[in-house]
Amino acid sequence: MCRFNKRELSQLNHKYLWHPFTQMRDWLAEEPLFIVGGNGCVLTDIDGKEYIDGTSSLWVNLHGHNVEEINEAIREQLERIAHSTSLGLANVPAAVLAEKLVSISPPGLSRVFYSDDGATAVEIALKMAFEYWRHVEGKETARRKFVSLELGYHGDTLGAVSVGGIDLFHGIFEPLLFEALRVPAPYCYRCRFGRERTSCGRECLVALRKTFGEHQGEIIALILEPMVQCAGGFIVHPDGYLAEARRLCDEYGALLIADEVATGFGRTGKMFACEHENVTPDLMAVAKGLSGGYLPLAATLTTEKVFEAFLGDYAENKTFFHGHSYTGNQLACAAALASLDLFRKRNVLNELEPKIELLRKGLERFQRLPHVGDVRRCGFIGAVELVSDRATKQPFPYEKRVGAKVCYRARRKGVLLRPLGDVIYFIPPYCISETQLNGLLDAAFDSIREETGSA
Ligand SMILES: *Cc1c(COP(=O)(O)O)cnc(C)c1O
């Protein structure tokens, strides 16, 4: 089928491509790993070697690769039409999917605005929230600021970067960004207030309240990743943080934007992470798993209250002037509908429970490794933070790239992982078998032990 052999393909890749989040000098010094096939949670490379997809292809895949029901839904849609614009025209899968999304989302979210990636879904939430207050309080409103969390991640476009909190990714763009008020993340392992879990006085919530109090009437919205700050290192929030953040937003009249791009669609054991604390945000961004990991598709959901603030006579200019070429793409919406159908058909959330338990048990022994500082979990997400010294929590030197080296070792054992600094994490597709899950954890365990030594 392909007229190029492996060596030629490597040359093409090296000569023409620029990869995301990749130091290309390192990339050019090594042979690229070409993935040519996938089935269930297994990926196949160009030589026919198989790997467990330990990151769900970077957090997007839900039910596995090459799922007959999703393949079929896309084929069926393809025979009708692949794409027509949503500017001035409607389409069938977009309308049906919108109803479906509203029906599974936290109660109160009732409107769906489509886009294509997590970052675009977040941009839309930010712009909607900003414009909402302009319509409600008038153009002279003092609400000009967003509150966001340290170590938060919301995507790589400039608005999303402005509310991001990862210096390594975001620092250099500082001069281009709008100002956001950053509050400490509830990162219990490295508590900014020097507390342990047992001595916690919820100081991070006190800090959040203080920020709200100091900027009364100025805050548009608080944006956060509910329950787990994923790209920040899989920081799992303590119980009650999300619910209290929602309460503070209400008390101070700010909107709450929940970025469920990574946590949505069952990843934390519930359909959406907000459900863990019975929270309904005012705006919710979803993407990654929305299409089952097949096609780029995202959505920003909001309430009737926000939607209605944009209704008015044409000349009032309350129109939300935002859109993308592929908004509401039929193929992607058809894939998403098929993926959401599988939740019911395969009883996914219930079937996941024993696997979540297996992941929890499987992670316990990592704690015995001398360079594992912290083990974190939430639903079907597991992460271990490697440290040079467990007593002082001292990280390994950045340039040693310990996390990356662990992942290279795991690759040789048939498991694909991708580190976040020195955090090694596991986000497998839901269809993974118990044997495969154990294999994934074994490979990671051995790789960490080999790379960091057993004592
Ligand atoms: C990945 C991610 C994004 C960005 O999504 P893209 O599709 O990569 O643009 C935004 N928010 C969170 C929480 C994410 O994990």
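Residues numbered from 1 in each chain as written. Predicted model: local features only at pLDDT ≥ 70, side-chain atom pairs only at ≥ 80, totals over all residues. Heavy atoms only, no water.

**Digging into the site of the ligand**
Around the ligand, the structure places W59, D117, G118, A119, Y153, H154, G155, E225, D259, V261, A262 and K288. One nitrogen or oxygen atom from the main chain of G118 is found 2.7 Å from an oxygen atom belonging to the ligand. D259 has a polar side-chain atom sitting 2.6 Å from a nitrogen atom of the ligand. The protein chains hide 85% of the 380 Å² of surface that the ligand would expose on its own. Among the residues forming the shell around the ligand, the class breakdown is five nonpolar, three polar and four charged. (Near = heavy atom within 4 Å. Polar contact = N/O pair within 3.5 Å; in protein donor to acceptor, adjacent residues only side chain to side chain. Areas by Shrake-Rupley, 256 points an atom, 1.4 Å probe, with all protein chains shown as cover. Nonpolar A, V, L, I, M, F, W, Y, C, P; charged D, E, K, R; others polar.)

**Section: the environment of E50**
Here E50 is to be found in strand 3 (residues 50-53). With 13 residues separating them in the primary sequence, E50 and G37 have C-alpha atoms 9.2 Å apart. Beyond its immediate stretch of four places on either side in the chain, E50 contacts V42, L43, T44 and G414. (Helix = DSSP H or I, 4+ residues; strand = E, 2+ residues; numbered from the N terminus. Contact = heavy atoms within 4.5 Å.)

**Thoughts on the packing of aromatic side chains**
Tallying each qualifying case throughout the model produces 15 aromatic pairs. On the basis of an interplanar angle of 5 degrees and a centroid distance of 5.6 Å, the ring pair of F212 and Y252 is categorised as stacked. Residue F212 is found in helix 9 (residues 203-214), and its partner Y252 is found in helix 10 (residues 241-252); the two are separated by 40 residues along the sequence. Under the relative-accessibility criterion, F212 is labelled buried at 1%. Given the relative accessible area of 19%, Y252 is considered buried. Here the aromatic residues F21, Y153 and F169 are joined through ring pairs into a cluster of three or more. (Phe/Tyr/Trp six-rings, centres within 6.5 Å; stacked < 30°, edge-to-face > 60°. Buried < 20%, exposed > 50% of the residue type's maximum accessible area, 1.4 Å probe, protein only.)

**Considering the sheet that holds strand 14 (residues 381-386)**
One open sheet accounts for three strands, arranged 13-14-16; its pairing is antiparallel. The sheet is open, and its two borders are formed by strand 13 (372-378) and strand 16 (423-426), each paired with just one other strand. Strand-to-strand twist of the sheet, defined as the mean angle between neighbouring strand axes without regard to direction, takes the value 15 degrees. Note: strand 13 against strand 14, six bridges, orientation antiparallel. Across the sheet, residue C378 finds its bridge partner in strand 14, namely I381. Running at roughly 170 degrees to strand 13, helix 13 (residues 348-364) makes contact with strand 13, strand 14 and strand 16 of the sheet. (Pairing = 2+ DSSP bridges. Axes fitted to C-alpha atoms, helices over the stretch in contact; angles between N-to-C directions.)

**Description of the sheet that holds strand 2 (residues 42-45)**
Backbone hydrogen bonds hold the strands of a sheet together, and the pairing may be parallel or antiparallel. The strand order across the open sheet built from four strands is 1-2-3-15, with neighbouring strands paired in mixed fashion. One side of each edge strand has no neighbouring strand; the edge strands of this open sheet are strand 1 (35-39) and strand 15 (415-416). With four bridges connecting them, strand 1 and strand 2 associate as antiparallel partners. Bridging across to strand 2, G38 finds its partner in L43.

**Focus: helix 13**
With 17 residues, helix 13 should cover 24 Å at 1.5 Å per step; its first-to-last C-alpha distance of 25 Å lies within 8% of that length. At P354, helix 13 shows its strongest bend, of approximately 30 degrees. Every buried residue of helix 13 is accounted for by V348, L352, K355, I356, L359, G362 and L363. Residues of helix 13 that are buried sit in contact with helix 12 (330-345), strand 13, strand 14, strand 16 and helix 15 (434-452). (Expected span 1.5 Å × (residues − 1). Bend = angle between axes of the 7 residues up to and from the residue.)

**Some points on unusual backbone geometry**
One non-glycine residue, W59, adopts positive backbone phi at about 75 degrees. Structurally, W59 is set in helix 3 (residues 56-59). The phi dihedral of R401 falls on the positive side, at around 50 degrees, and the residue is not glycine. Mapped onto the elements of the fold, R401 is located in the loop between strand 14 and helix 14 (402-412).

**Regarding the domain arrangement of the protein chain**
One can read the domain layout of the protein chain as domain 1 (33-63 + 347-452) and domain 2 (71-345). Placing a centre on the C-alpha atoms of domain 1 and another on those of domain 2 gives a separation of 27 Å. Along the contact surface separating domain 1 from domain 2 lie one salt bridge. Notably, a salt bridge pairs R190 with E385, separated by 2.8 Å at the nearest N-O pair. At the surface where domain 1 touches domain 2, the tally comes to 17 residue pairs in polar contact (both at pLDDT 80 or more). Mapped onto the side of domain 1 that touches domain 2, the elements with two or more residues apiece are helix 3, helix 13, strand 13, strand 14 and strand 16. Among the elements that make up the side of domain 1 that touches domain 2, the one with the highest residue count is strand 13 (five residues). Broken down by class, the residue content of the side of domain 1 that touches domain 2 amounts to 21 nonpolar, six polar and five charged. (Domains from an automatic or database assignment. Salt bridge = Lys/Arg side-chain N within 4 Å of Asp/Glu carboxyl O.)

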